[in-house]
Amino acid sequence: MSAFDFDKEVATAHFKSAGWGIDAYHHSNPFESHMIYVRDYRTGHVQVFSVRQEHLDTLKPKLPAAELSGMVAELMSRFHQKTADNDDQMIALEVFGGYIKGTQSYGHWHSVKHKGERAHIIINIYGAVGVESWIRPFFIRDEQTVLTVDEVFHHSSTVKDMDAARHPEWFSGK
């Protein structure tokens, strides 16, 4: 019989009530975590990741966001194809966290957030698999533990519509 993992059980209950699967659990208490939701329009894959606030706060990105964006797109392709291995799981949070910390969105959120505020970060990925992808991060300020799948779809779609109007080149396949 395996040992009872309280954090895992609490996280599972919160993710399940919001419509997410247990794959969202990354060994952290959801009350002490930022949530990263990734919607990959190339494949239709949507996934949520939790990252400890402390981990993201102290993370020192090893590469600029522009370089990490390609890694974000590649990792999401692996998660979608179910070819991601344990190494991919381990580096995903470093890549996603490093990418996020290097964006203007993070800088703005960080300048206006209140002490202890947990982030809900949505990353939209546009383009086609195997070609240049456009990565679009944005923050949702909400006190919920985990956003529901429907909320993520709503926010993601709203931003996609705005992006399509402002940046048609992101959707033209060029």
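Residues numbered from 1 in each chain as written. Predicted model: local features only at pLDDT ≥ 70, side-chain atom pairs only at ≥ 80, totals over all residues. Heavy atoms only, no water.

A.B. asks: Which parts of the structure should I look at to understand the sheet that holds strand 2 (residues 45-52)?
C.D. replies: Hydrogen bonds between backbone groups are what pair the strands of a sheet, and the pairing can be parallel or antiparallel. Pairing is mixed across the open sheet formed by four strands, whose spatial order is 2-1-3-4. Each edge of the sheet is formed by a strand with only one pairing partner; in this case those strands are strand 2 and strand 4 (134-140). This sheet shows a mean twist of 20° between the axes of neighbouring strands, independent of strand direction. By the bridge criterion, seven bridges tie strand 3 (residues 120-126) to strand 4 in an arrangement that is antiparallel. What sits directly across from isoleucine 125, in strand 4, is isoleucine 135. Contacting strand 1 (33-40), strand 2, strand 3 and strand 4, helix 3 (residues 65-81) runs over the sheet at an angle of about 115° to strand 2. (Pairing = 2+ DSSP bridges. Helix = DSSP H or I, 4+ residues; strand = E, 2+ residues; numbered from the N terminus. Axes fitted to C-alpha atoms, helices over the stretch in contact; angles between N-to-C directions. Contact = heavy atoms within 4.5 Å.)

A.B. asks: I keep staring at the packing of aromatic side chains and nothing clicks. Help me out?
C.D. replies: Within a pair of aromatic rings, the relevant descriptors are the distance that separates the centres and the angle that separates the planes. Taken as a whole and judged by the stated rule, the model has nine aromatic pairs. Between tyrosine 41 and tyrosine 126, the aromatic rings sit 5.6 Å apart at their centres with planes inclined by 40°, giving tilted as the arrangement. Note that tyrosine 41 is positioned in the loop between strand 1 and strand 2 and tyrosine 126 in strand 3, a separation of 85 residues in sequence. Exposure remark for tyrosine 41: the relative accessible area of 23% places this residue in the partly exposed category. Considering the side-chain rings of tyrosine 106 and tryptophan 109, the 5.9 Å spacing of their centres and the 50° angle between planes classify their relative orientation as tilted. Of this pair, tyrosine 106 and tryptophan 109 both sit in helix 5 (residues 104-112), separated by three residues, roughly a single helical turn. Overall, tyrosine 106 belongs to the buried group, its relative accessible area being 8%. Joined through ring pairs, the aromatic side chains of Tyr41, Tyr126, Trp134, Trp170 and Phe171 make up one cluster. (Phe/Tyr/Trp six-rings, centres within 6.5 Å; stacked < 30°, edge-to-face > 60°. Buried < 20%, exposed > 50% of the residue type's maximum accessible area, 1.4 Å probe, protein only.)

A.B. asks: Please explain the pairing of strand 1 as it appears in this structure.
C.D. replies: Both faces of the sheet carry side chains from a regular strand, because those side chains alternate between them. Among the eight residues that make up strand 1, eight are buried, leaving the element largely enclosed by the rest of the structure. When strand 1 meets strand 2, the two strands line up antiparallel, connected through eight bridges. Within strand 2, the residue paired with methionine 35 across the bridge is serine 50. In textbook terms, the turn of a hairpin is the stretch between consecutive antiparallel strands, and for strand 1 and strand 2 this stretch comprises four residues, one of which, glycine 44, has a positive phi near 85°. Here strand 1 pairs with strand 3 via six bridges, running parallel. When the sheet's bridge partners are listed, isoleucine 36 is paired in strand 3 with isoleucine 121.

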